[in-house]
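Okay, here's what each chain looks like letter by letter:
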Amino acid sequence: QVQLVESGGGLVQAGGSLRLSCAASGFTFSNYYMGWFRQAPGKEREFVAGIEWSGSSTDYAESVKGRFTISRDNAKKTVILQMNSLKPEDTAVYYCARRNAVRSYNYWGQGTQVTVSS
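Residues numbered from 1 in each chain as written. Predicted model: local features only at pLDDT ≥ 70, side-chain atom pairs only at ≥ 80, totals over all residues. Heavy atoms only, no water.

**Here's the deal with unusual backbone geometry**
Turning to step 1, where the next piece is worked out: At Lys77, a residue that is not glycine, the phi angle is positive and equals roughly 55°.
Turning to step 2, where the next piece is worked out: Looking at the element boundaries, Lys77 is found in the loop between strand E7 (68-73) and strand E8 (78-83).
Turning to step 3, where the next piece is worked out: Its relative accessible area of 36% is what places Lys77 among the partly exposed residues.
Turning to step 4, where the next piece is worked out: If you check the backbone angles, Ser85 has positive phi at about 50° while not being a glycine.
Turning to step 5, where the next piece is worked out: Note that Ser85 resides in the loop between E8 and strand E9 (92-99). (Helix = DSSP H or I, 4+ residues; strand = E, 2+ residues; numbered from the N terminus. Buried < 20%, exposed > 50% of the residue type's maximum accessible area, 1.4 Å probe, protein only.)

**Considering the environment of Thr91**
Turning to step 1, where the next piece is worked out: Its place among the elements puts Thr91 in the loop between E8 and E9.
Turning to step 2, where the next piece is worked out: Apart from residues lying up to four places away in sequence, Thr91 is in contact with Ala40, Gln113, Val114, Thr115 and Val116.
Turning to step 3, where the next piece is worked out: In this structure the side chain of Thr91 is engaged in a polar contact, spanning 2.9 Å, whose partner is the backbone oxygen of Pro88.
Turning to step 4, where the next piece is worked out: A polar contact is formed between the side chain of Thr91 and the backbone nitrogen of Val116, at a distance of 2.9 Å. (Contact = heavy atoms within 4.5 Å. Polar contact = N/O pair within 3.5 Å; in protein donor to acceptor, adjacent residues only side chain to side chain.)

**Section: the pattern of salt bridges**
Turning to step 1, where the next piece is worked out: Across all of its chains, the model carries 4 salt bridges by this definition.
Turning to step 2, where the next piece is worked out: Taking the shortest distance from any N to any O, the salt bridge between Lys65 and Glu62 comes out at 2.8 Å.
Turning to step 3, where the next piece is worked out: Across the pair Asp90 and Arg67 runs a salt bridge whose closest N-O atoms are separated by 2.7 Å. Of this pair, Asp90 sits in the loop between E8 and E9 while Arg67 sits in the loop between strand E6 (58-60) and E7, placing them 23 residues apart in sequence.
Turning to step 4, where the next piece is worked out: Judged by its relative accessible area of 1%, Asp90 falls in the buried class.
Turning to step 5, where the next piece is worked out: Residues joined in a network through salt bridges with shared partners are Arg38, Glu46, Arg67 and Asp90. (Salt bridge = Lys/Arg side-chain N within 4 Å of Asp/Glu carboxyl O.)

**Brief notes about the side chain of Glu52**
Turning to step 1, where the next piece is worked out: As for its placement among the helices and strands, Glu52 is situated in the loop between strand E5 (46-51) and E6.
Turning to step 2, where the next piece is worked out: In this structure Glu52 is buried but unpaired, with Arg72 as the nearest side chain of opposite charge at 6.6 Å.
Turning to step 3, where the next piece is worked out: Separated by 3.4 Å, the side chains of Glu52 and Trp53 make a polar contact.
Turning to step 4, where the next piece is worked out: Side-chain polar atoms of Glu52 contact the side chain of Ser54, separated by 2.5 Å.
Turning to step 5, where the next piece is worked out: For Glu52, the residues in contact, after removing those within four places along its chain, are Tyr33, Ser57 and Arg72. (Lys, Arg positive; Asp, Glu negative; His and termini not counted.)

**Remarks on the pairing of strand E1 (residues 3-7)**
Turning to step 1, where the next piece is worked out: Covered by surrounding structure in E1 are Leu4 and Glu6 only, the residues Gln3, Val5 and Ser7 on the alternate face being uncovered.
Turning to step 2, where the next piece is worked out: Inspection of the sheet shows E1 paired to strand E3 (residues 18-25) by 5 bridges, in the antiparallel sense. Across the sheet, residue Glu6 finds its bridge partner in E3, namely Cys22. (Pairing = 2+ DSSP bridges.)

Below is the structure:
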């Protein structure tokens, strides 16, 4: 079965960095666009970044452009979110997700908490 397992969250001071990882299993990872989302307390889940199957095309929310970088390793079935220059407003639970052929996300990880202190 499809599994997505995030890791790498934690507590960091503003201006610091974190590296999130998502380990995928149960499907042909290299066939799929993968995304990172986040949800802050009291807010809706929002798109953060996405990467197409080969890694040559990426998408970012305006709020993270220039600070976050998404990448993938198809051999290791892993997608990475490198987060630099973190701000308190980046505090959220971060989720990895797989996008399907009709561009909706139908598989999600359990999430990893990122807390940025001011």
